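Observations on the model geometry
Here are the chains, one letter per residue:
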2 protein chains.
Amino acid sequence: MSELKGYKGKIRDFLITNKVDVGDLVKITSELTYSGILMPRYESGDESHIVLKLKSGYNIGIEFEKIEKLEKTGERQSNNENSQTIEKNEELPKILLLSTGGTIASKVDYRTGAVTPALSAAELYEAVPEIAKIANVDAEVLFSEYSENLQPEHWLEIAKKLDSIVDSDYVGVIIAHGTDTMHYSSAFLSFALSGFKKPITLVGSQRSSDRPSSDAALNLISATKFLVNTKSKGVFVVMHQNESDDAVACHLGTRVRKNHTSKRSAFQTVGSEPAFVVYEDKILENMKNSFFSENEYNPRINLDTKVALIKYHPGFNPEIIESLIKLEYRGIIFEGTGLGHVGRTMYASIKKAKENGIFLGMTSQCIDGRVSMTVYESGRDLLDMEIIPLENMIPEVALVKAMWVLGNSNSDDEIKNMMLENYSSEF
Amino acid sequence: MSELKGYKGKIRDFLITNKVDVGDLVKITSELTYSGILMPRYESGDESHIVLKLKSGYNIGIEFEKIEKLEKTGERQSNNENSQTIEKNEELPKILLLSTGGTIASKVDYRTGAVTPALSAAELYEAVPEIAKIANVDAEVLFSEYSENLQPEHWLEIAKKLDSIVDSDYVGVIIAHGTDTMHYSSAFLSFALSGFKKPITLVGSQRSSDRPSSDAALNLISATKFLVNTKSKGVFVVMHQNESDDAVACHLGTRVRKNHTSKRSAFQTVGSEPAFVVYEDKILENMKNSFFSENEYNPRINLDTKVALIKYHPGFNPEIIESLIKLEYRGIIFEGTGLGHVGRTMYASIKKAKENGIFLGMTSQCIDGRVSMTVYESGRDLLDMEIIPLENMIPEVALVKAMWVLGNSNSDDEIKNMMLENYSSEF
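Scope of this entry: the structure provided in the associated data block. None of these values were measured; they are calculated from a predicted model.

1. Looking at the overall build of chain A
For chain A, the helix and strand inventory stands at ten helices and 21 strands. For chain A, buried positions account for 60% of its 427 residues. Within chain A, contacts between residues at least 6 apart in sequence are counted, and of these 70% link residues at least 24 apart.

2. As for the relation of the copies chain B and chain A
Under the fitted operation, chain B is carried onto chain A by 0.0 Å of movement along the axis and a turn of 180°, and the coordinates agree to an RMSD of 0.1 Å. Look at the turn and shift together and you get a two-fold axis relating the two. Minimal C-alpha separation from the rotation axis in chain B is found for Ser323 of chain B, amounting to 3.2 Å. A share of 99% of interface residues in chain B that are also interface residues in chain A marks the association as one of identical surfaces.

3. Notes on helix α7 (residues 347-355) of chain A
Residue and element names in this part refer to chain A. Within the span of α7, buried status applies to Tyr347, Ser349, Ile350 and Ala353. Down the axis of α7, the smallest arc covering the buried residues is 165°, so these residues share one side. For α7, exposure combined with an orientation more than 90 degrees from the buried face picks out Ala348 and Glu355. Against α6 (319-326), β19 (331-336), β20 (359-364) and α8 (377-384) lie the buried residues of α7. Of the residues one or two after α7, Gly357 is the one with positive phi, at around 75°.

4. Focus: the sheet that holds strand β17 (residues 282-285) of chain B
Residues and elements named next belong to chain B. Ordered in space as β9-β6-β10-β11-β12-β13-β16-β17, the eight strands form an open sheet in which the pairing is mixed. Looking at strand neighbours, the two that pair on one side only are β9 (136-141) and β17, the edges of this open sheet. Each adjacent strand pair in this sheet contributes to an overall mean axis angle of 25°, direction not counted. In the sheet, strand β16 (residues 276-279) pairs with β17 via four bridges, with the strands oriented antiparallel. Its bridge partner lying in β17, Val278 is registered against Ile283. Lying over the sheet, helix α5 (residues 216-229) contacts β6 (94-99), β10 (170-176), β11 (199-203), β12 (234-240), β13 (247-252), β16 and β17, oriented at roughly 155° with respect to β10.

5. Some thoughts on the interface of chain B and chain A
Listed as interface residues are 67 residues of chain B and, on the opposing side, 66 residues of chain A. A per-residue breakdown of the area chain B buries against chain A is headed by Thr261, Pro314 and Tyr376 of chain B, which together make up 12% of the total. Close ionic contact of Lys311 of chain B with Glu335 of chain A constitutes a salt bridge, the shortest N to O distance being 2.5 Å. Applying the counting criterion to the chain B and chain A interface returns 35 residue pairs in polar contact (both at pLDDT 80 or more). Looking at the side of chain B that touches chain A, the elements that each hand over two or more residues are α3 (152-164), β14 (256-258), β18 (307-311), α6 (319-326), α8 (377-384) and α9 (395-408) of chain B.

6. Quick word on the packing of aromatic side chains
Residues and elements named next belong to chain A. Considering all chains together, one arrives at 24 aromatic pairs over all chains under this definition. With centroids separated by 5.0 Å and ring planes inclined at 55°, the aromatic side chains of Phe226 and Phe276 adopt a geometry described as tilted. Taken together, the residues span a long stretch of sequence, with Phe226 in helix α5 (residues 216-229) and Phe276 in strand β16 (residues 276-279) at a distance of 50 residues. Just as Phe226 is buried, Phe276 falls in that class too. Taken together, the ring pairs connect Phe226, Phe236, Phe276, Phe291 and Phe292 into an aromatic cluster. Geometry around Tyr170 places Lys94 over its ring, the cationic atom sitting 4.8 Å from the centre.

7. Notes on unusual backbone geometry
Backbone phi values are negative for most residues with the exception of glycine, while trans is the configuration of most peptide bonds. All names here are of chain A. Positive phi, normally seen in glycine, also occurs at Lys19, with a value near 55°. Relative to the assigned elements, Lys19 resides in the loop between α1 (9-17) and β1 (25-29). Taking the relative accessible area as the measure of exposure, Lys19 reaches 61% and is therefore exposed.

8. Some details on the sheet that holds strand β18 (residues 307-311) of chain A
All names here are of chain A. Judged by pairing direction, the sheet is parallel, and its four strands sit side by side in the order β18-β19-β20-β21 without closing on themselves. A single partner strand is all that each edge strand has here, and the edge strands are β18 and β21 (388-389). Here five bridges tie β18 to β19, and the two strands are oriented parallel to one another. By the bridge assignment for β19, Ile310 is matched with Phe334. Packed on one face of the sheet, helix α9 (residues 395-408) meets β18, β19 and β20 and runs near 160° to β18.

9. Points about the pairing of strand β3 (residues 49-53) of chain B
The two faces of the sheet receive side chains in turn, since in a regular strand these alternate between them. Residues and elements named next belong to chain B. Burial analysis of β3 places four of its five residues in the buried class, which makes it a mostly covered element. Pairing of strand β2 (residues 33-38) with β3, which is carried by two bridges, proceeds in the antiparallel orientation. Bridge pairing links Leu38 to Leu52 in β3.

10. Some words on the side chain of Gln151 of chain A
Relative to the helices and strands, Gln151 of chain A is located in the loop between β9 (136-141) and α3 (152-164). There is a polar contact of 2.7 Å between the side chain of Gln151 of chain A and the backbone nitrogen of Gly315 of chain B. What Gln151 of chain A contacts, discounting residues up to four positions off in sequence, is Tyr312, Pro314, Gly315, Phe316 and Thr345 of chain B.

11. Things to note about the environment of His313 of chain A
Looking at the secondary structure, you find His313 of chain A in the loop between β18 and α6. His313 of chain A sits in the buried class, given a relative accessible area of 2%. Sequence-distant contacts of His313 of chain A, that is, excluding residues within four places in its chain, are made with Tyr184, Val307, Leu309, Leu399 and Met403 of chain B.

12. Some thoughts on the packing of helix α4 (residues 182-192) of chain B against α9 of chain B
Residue and element names in this part refer to chain B. The contact between α4 and α9 brings their axes to 9 Å, and the two run at 40°. Taken together, the axis directions place α4 and α9 in an arrangement best described as oblique. Two packed elements cross with a definite hand, and for α4 against α9 that hand is right-handed. Residue-level contacts link Tyr184, Ala187, Phe188, Phe191 and Ala192 of α4 to Glu396, Val397, Leu399, Val400, Lys401 and Trp404 of α9. Residue composition of the contact of α4 with α9, grouped by class: nine nonpolar, no polar and two charged.

13. Some points on the pattern of salt bridges
Taken as a whole and judged by the stated rule, the model has 38 salt bridges over all chains. In this structure, Glu396 of chain B and Lys311 of chain A form a salt bridge, with 3.0 Å as the shortest nitrogen-oxygen distance. With Glu396 of chain B in helix α9 and Lys311 of chain A in strand β18, the pair connects residues from two separate chains. With a shortest N-O distance of 2.8 Å, Glu65 of chain B and Lys10 of chain B are connected by a salt bridge. Here the residue Glu65 of chain B occupies a position in the loop between β4 (59-63) and β5 (69-74), and Lys10 of chain B occupies one in helix α1 (residues 9-17), the gap between them amounting to 55 residues. When its relative accessible area of 56% is taken as the criterion, Glu65 of chain B is described as exposed.

14. Here's the deal with the environment of Lys288 of chain B
Along the chain, Lys288 of chain B falls in the loop between β17 and β18. Note: C-alpha distance between Lys288 of chain B and Ala275 of chain B (13 residues apart in sequence) is 8.4 Å.

15. So, the nonpolar core
Counting 179 residues, the largest nonpolar core has Leu162 and Phe236 of chain A together with Leu162 and Phe236 of chain B as its most contacted members. Those residues within four positions of Leu162 of chain A in sequence are excluded, and the remaining contacts are Leu98, Val173, Ile175, Leu189, Leu193, Phe196 and Ile200 of chain A. Ranked by size, the runner-up nonpolar core spans 52 residues in total, among them Phe316 of chain A together with Val371, Met373 and Leu382 of chain B.

Here is what the cut-offs are and how they apply
Residues numbered from 1 in each chain as written. Chains lettered and ligands numbered in written order. Predicted model: local features only at pLDDT ≥ 70, side-chain atom pairs only at ≥ 80, totals over all residues. Heavy atoms only, no water. Helix = DSSP H or I, 4+ residues; strand = E, 2+ residues; numbered from the N terminus. Buried < 20%, exposed > 50% of the residue type's maximum accessible area, 1.4 Å probe, protein only. Contact = heavy atoms within 4.5 Å. Least-squares fit on C-alpha atoms with pLDDT ≥ 70 in both. Arc of directions from axis to C-beta. Pairing = 2+ DSSP bridges. Axes fitted to C-alpha atoms, helices over the stretch in contact; angles between N-to-C directions. Buried area = accessible area lost by both parts, 1.4 Å probe. Salt bridge = Lys/Arg side-chain N within 4 Å of Asp/Glu carboxyl O. Polar contact = N/O pair within 3.5 Å; in protein donor to acceptor, adjacent residues only side chain to side chain. Phe/Tyr/Trp six-rings, centres within 6.5 Å; stacked < 30°, edge-to-face > 60°. Lys NZ or Arg CZ within 6 Å of the ring centre and 35° of its normal. Parallel < 35°, antiparallel > 145°, perpendicular 65-115°, else oblique. Left-handed = near helix turned anticlockwise from the far one by under 90°. Nonpolar A, V, L, I, M, F, W, Y, C, P; charged D, E, K, R; others polar. Core = buried A, V, L, I, M, F, W, Y, C linked by side-chain atoms within 4.5 Å.

Structure below.
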């Protein structure tokens, strides 16, 4: 009965008396009758409700005092159902599916009530059998982490794996990835694998694969269609374009941002249309230039994490910049206000950072639009302090690019030039 | 000739020979003929062009090597033209116009080429004479600063000024304000002046008042119409709704963000429609509840700036949190990923911050949507560490609110309760 974590006092006693455990199917008679799976509570939950997961996939809290009857109608569900093997069609184009974890590769775990990254790449492939009709997929697990736990070391590992298959017969790659930091990973791969010979898609989902409203299947199927049909190279984030189930956007991996916490169409290309849209069996193209500025494959799989992202705001304490100097940071990307400004209270600490050889880049917390630092006095003051305006680069992308550049160069001039060169459609 | 700042070598010699100075009207014959005002160059500019400001308000660079002839056609323009006095109609409703600086209260300074906050509130009023037909305006200058230089002390000063006129016969207030940090100021006023008895509008412009494409006039006129006609209390940011010149949005001061660096419609209400739209002479209302949750005026004009805004990203160094502890910070607002997550590499430093009595609040860097920390393991871990999920509060607003709350309370429980109470439509 240790699974009844979180249920306390008389509710816990009531559940024990009724011999039900978290994960069991139960029927509760209250003002209405509810059937579902008994979910666990958390320390932080209130103490007067029992929570069921209904068939629809949604959770409901039922007030304990109003419960008339509770019946157990089935044992705890197992997550390990037998997986069927999908027959491969050797004549179809070959695709590599790498799984890193995330909601797309997850199931609701009825023991903990949480969604956990439990599906292997092969299971994921099996969960969406439609893919097998479009491509011949090899599946491999790299790691099983939600993307908030992915770190730059993971980016390096993904990049090295991709580098190892650059000359293989795969027509393209799907990376199943958590959505939280998918755009950071896509930016790193765009820089580190500049000129990569095949299209790379990062595919996530906002609802886990075993939920009725999951976007996993359509996103995976659309990515597969895109890889099999496109002639474009590049790194793309492939996610629902809107709340309907008919259009999936392929966003440039260096121009995309997660702009909503929960919508299926959370990802948006900043300031423009998505590069491609997979609409039923058609692939619509909005992209004018090639993704990589150079055609040649030039992998540089290095980085230095000593870069900070600093959002300026009224009352920002310049001592934070001093702390970064003490921590031996090598780069600071500012999210300035408006066209790329910070208050003059920051000037002394910025000069000191510059004297310590720290690369200083300016982006805007407005996110959309471009910095323009010659219009106002503040901007010109900052230019005089040798802060580099990074045009319309998204702050998060500028951060990842600075990590990459500083991992590949120690020369101030080269660092500046690399930051301003357009490698992978980041400008 | 010291005004020829930035022009070097033979270009400088050429300008001196031709006896022209920055600010003079000149006519340049090159491949085409250009007439305009000679603009200064900046250290960071290239050294092969002369820059003119054309009548249209836009600058053009003319390649020096291609110039055939330069003629001076007029002396440097003065910014101090005689201002006409507008006759007041005492029968119209009274409005107070406070100027704090910013582009709306600026002119292009032809000596430095920069836009500077040079217009007084009275001049601003005179620059938009249409206002005098709608309201009887008293104008006052509080300061003349671009808003990137406004600090929390300025917020306090604005709030105290407003508090002093709460019982006056003004029907409402216009605060002319730079756009860079207008949404931070509007948030502070919303909290500090909870229940304020009159509507307050913050009005900015993205192009200075003396430019042909300026949005200053329409924004000011629309704010005046709104103040004279509305029955709503509250703090609103009043700016162009789109790129056309017929609709101006009144955004809730706690739900608005500058989402574009340069567009006239840069400001957007996050996740919703603007509260009001001034369309020609009509005022369309989208607002359902009153702006303030309590009807009574309850000024609390205090703050504590020891609050940091921390955007989590892969590779974020937890030592930065340790630095904040050393700097005796009292609050940290996280911009987590997705539904409100940070990587588990942060846990030790977060626990330490909590042990040091620091208030920890969670928002999302997605900006739109709401945090939901019970769905995934990471969120639940953070809840166990007593990070407070701040629903759909915008990160910048959460920062300002935390500064305000910490300036008004020292009790952990009260701080938490105040952060979660909806004072001014921030949720």
